[in-house]
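Residue-level structure breakdown
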Amino acid sequence: MSSTDDYDKLSKEEREARDKADREREAAEQAALPYSWTQQLGDVDVTIPVPKGTRARDLNVVIQKKKLSVGLKGKEPIVSGELCKEIKVEESTWTLEDQETVLVHLEKLNKQQWWENVVTHHPKIDTTKIQPENSKLSDLDGETRGMVEKMMFDNQQKQMGKPTSDELKKMEALKKFQEAHPELDFSQAKIS
């Protein structure tokens with residue numbers, strides 16, 4: 001029996017307790033890492049503390065399609081390993097902030113997928129529990145925005161018992177056809 005089957009059989013209180021315990025375990029595992037990280041659907045930001053007074057020339061930073069390594073020259077890397085997913089190298093950057101923090105910005109290749117971890121050998125997070133920030137329609141590209149607005153309009157029309165945009169288009173086309181062909185009798189026509 002899989003753990004999801006077990007989870008489905010739990011009461012609401014038991015699920016909440018298990019979720020809370022999982023979040024606490026996950027938080028402890030993430031806190032033990034030598035860096036912290038956040039993500040949006042399109043990118044990952046990794047914050048790596050370095051000794052105060054560190055300068056950019058003291059760092060050895062490698063950002064590749066499936067690899068990340070950050071550390072001080074001549075020393076063992078602070079973080080190094082295979083990335084859990086591929087990135088766009090040309091759009092990924094790093095900066096040194098206040099001579100004590102390396103900020104690494106990784107642009108995801110697949111912008112529709114949450115990452116479970118930054119490097120594959122580090123503890124994973126449960127991506128099914130991620131609650132993304134609400135996005136605004138203005139954040140979407142034109143084509144996606146148009147599709148979402150059409151879906152919202154159609155849903156609103158259905159709730160009011162009115163025709164959807166597709167049904168309105170059909171009705172408009174039929175009306176134009178009837179006006180162009182007044183000699184035809186449409187009284188018995190069934191339009192689907």
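Refer to the preceding data block for the structure.
Description of the structure in this document. (Residues numbered from 1 in each chain as written. Predicted model: local features only at pLDDT ≥ 70, side-chain atom pairs only at ≥ 80, totals over all residues. Heavy atoms only, no water.)

Between side chains of opposite charge, a pair can form as their charged atoms come close. The full count for this structure, using the stated rule, is 10 salt bridges. We note a salt bridge from Lys12 to Glu16, for which the minimum N-O separation is 3.6 Å. Separated by 4 residues within a single helix, Lys12 and Glu16 lie in helix H2 (residues 12-31), roughly one turn from each other. Residue Lys12 is classed as exposed on the basis of its relative accessible area, which comes to 61%. Each of the salt bridges in this network shares a partner with another, and the network as a whole consists of Lys150, Asp154 and Asp166. (Salt bridge = Lys/Arg side-chain N within 4 Å of Asp/Glu carboxyl O. Helix = DSSP H or I, 4+ residues; strand = E, 2+ residues; numbered from the N terminus. Buried < 20%, exposed > 50% of the residue type's maximum accessible area, 1.4 Å probe, protein only.)

With that settled, the discussion passes to the sheet that holds strand E5 (residues 79-82). The strand order across the open sheet built from 3 strands is E3-E4-E5, with neighbouring strands paired in antiparallel fashion. Of all the strands in the sheet, the pair left with one neighbour each is strand E3 (59-64) and E5. Going across the sheet, the axis of each strand differs from the next one's by a mean of 10°, ignoring polarity. Note that E3 and strand E4 (residues 67-72) share 6 bridges and pair antiparallel. When the sheet's bridge partners are listed, Ile63 is paired in E4 with Leu68. (Pairing = 2+ DSSP bridges. Axes fitted to C-alpha atoms, helices over the stretch in contact; angles between N-to-C directions.)

With that out of the way, let us pick up the pairing of strand E6 (residues 93-97). Both E6 and strand E7 (residues 101-107) contribute to a ladder of 5 bridges, which runs antiparallel. Looking across to E7, one finds that Thr95 is bridged to Leu103. Counted along the chain from E6 to the antiparallel partner E7, the turn is 3 residues long, and its residue Asp98 has a positive phi close to 55°.

Taking 1.5 Å as the rise per residue, H2 with 20 residues should run 28 Å; its terminal C-alpha atoms sit 28 Å apart, in good agreement. Considered for burial, the residues of H2 that qualify are Asp19, Glu26 and Gln30. Down the axis of H2, the sector holding all buried residues measures 30°, keeping them to one side. The exposed residues of H2 that point more than 90 degrees off its buried face are Glu13 and Ala31. (Expected span 1.5 Å × (residues − 1). Arc of directions from axis to C-beta.)

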